[in-house]
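# Observations on the model geometry
Take a look at the letters that make up each chain.
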Amino acid sequence: LVLAHQEAKARGDVSVVDSTAKADGDSVVLNGAKAVIYHAAAADELLVSAREGDGVSLFRVSKDTAGLTLRSYATIDGQRAAEVSLSNVKVPASARLGAAGQALPAIERALDIGLAAVTAEAVGIMEATVNATGEYLKTRQQFGQPIGRFQALQHRMADMLLHLEQARSMSYLAAMDCQNPDDDARRKTLSAAKVTIGQACRFIAQQSVQLHGGMGMTDELNVSHWFK
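Residues numbered from 1 in each chain as written. Predicted model: local features only at pLDDT ≥ 70, side-chain atom pairs only at ≥ 80, totals over all residues. Heavy atoms only, no water.

Moving on, we get to the overall build of the protein. Looking only at helices and strands, the protein features four helices and ten strands. Listing each helix as α and each strand as β along the protein from the N terminus yields β-β-β-β-β-β-β-β-α-β-β-α-α-α. Against the compact-globule benchmark of 17 Å for 228 residues, the protein has a radius of gyration of 22 Å, which places it well outside the compact range. Over its C-alpha atoms, taken along the principal directions, the protein stretches across nearly 80 × 35 × 25 Å. A burial count over the protein gives 38% of its 228 residues as buried. If you take every contact in the protein between residues at least 6 apart in sequence, the share linking residues at least 24 apart comes to 63%. A total accessible area of about 12700 Å² is found for the protein, and carbon and sulfur atoms account for 53% of it. (Helix = DSSP H or I, 4+ residues; strand = E, 2+ residues; numbered from the N terminus. Rg over C-alpha atoms; globule rule 2.2 N^0.38 Å. Buried < 20%, exposed > 50% of the residue type's maximum accessible area, 1.4 Å probe, protein only. Contact = heavy atoms within 4.5 Å. Areas by Shrake-Rupley, 256 points an atom, 1.4 Å probe, with all protein chains shown as cover.)

Our next topic: the nonpolar core. The nonpolar side chains of a soluble globular protein tend to be buried, and buried together. With 23 residues, the main nonpolar core has Met126, Leu137 and Ile197 as its most contacted residues. In terms of residue count, helix α1 (residues 104-139) provides more of this core than any other element does, eight residues in total. Once residues within four sequence positions are removed from consideration, Met126 is found in contact with Leu164, Ala167, Ile197, Ala200, Cys201 and Ile204. Ala4, Ala50, Phe59 and Val84 belong to the second largest nonpolar core, which has 20 residues in total. (Core = buried A, V, L, I, M, F, W, Y, C linked by side-chain atoms within 4.5 Å.)

What follows is about the pattern of salt bridges. Oppositely charged side chains may form a pair once their charged atoms are brought near each other. A full pass over the atoms with the stated rule returns eleven salt bridges. Across the pair Glu108 and Arg187 runs a salt bridge, and its minimum N-O distance is 2.7 Å. Taken together, the residues span a long stretch of sequence, with Glu108 in helix α1 and Arg187 in helix α3 (residues 183-212) at a distance of 79 residues. A salt bridge links Asp112 to Arg186; the nearest nitrogen and oxygen atoms lie 2.5 Å apart. (Salt bridge = Lys/Arg side-chain N within 4 Å of Asp/Glu carboxyl O.)

Evaluated as defined, the whole model comprises one aromatic pair. Here the aromatic rings of Phe143 and Phe150 are separated by 6.4 Å at their centres, their planes lie at 65°, and the arrangement is edge-to-face. (Phe/Tyr/Trp six-rings, centres within 6.5 Å; stacked < 30°, edge-to-face > 60°.)

Next up on the list: the side chain of Ser171. Within the secondary structure layout, Ser171 lies in helix α2 (residues 151-177). Here Ser171 falls in the buried class, since its relative accessible area comes to 7%. Look past the residues within four positions of Ser171 in its chain and what remains in contact with it is Thr119, Ala120, Val123 and Ile197.

Read these as spatial facts, not as claims about activity.
Quick look at the structure:
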């Protein structure tokens, strides 16, 4: 199962859903499009969100259902995503999860838990990047000594470690608060985590590439892949 919720027009706003669901006897007809749905091509079923009445509903849709088409492609980080098109996709009313028009709060909570997991993954990647860069500074020789002995490069490594530890703390906070029943408090914490960890990811990755020199951009080194 893969959640197919995001739409191009939403620009990250979870509440924006233009796909529609309309009753047709004992069935429901879905129309719309979902954008950048990770791992959709590998799924058996999609959990498709659609506007039904004044709210948003969620439906289990088999990937081989008539009218559902996927355009799969590779993303810059080496994973795969797909554009999902829904053209008069008919599913039984029993495919609806929960009450009609009441799915959005559950989707938001699930995405918040997923965000907390992503922050933890990001911290792991940053830690691996910092460790690999530290090892490189110990072994790369210039002017007859390891470049890690140069004070300017030591300052860069210290700044990378500072960003890593700040990000780690925010990841812990996100994990502790991702299931907070207070929606406003939960979103505030997770938004703060997104900002702090996003900035740390960019800083650490860019510094790592700089400290590795031209090699930092090549496919031969893990740091280039971790950056992506």
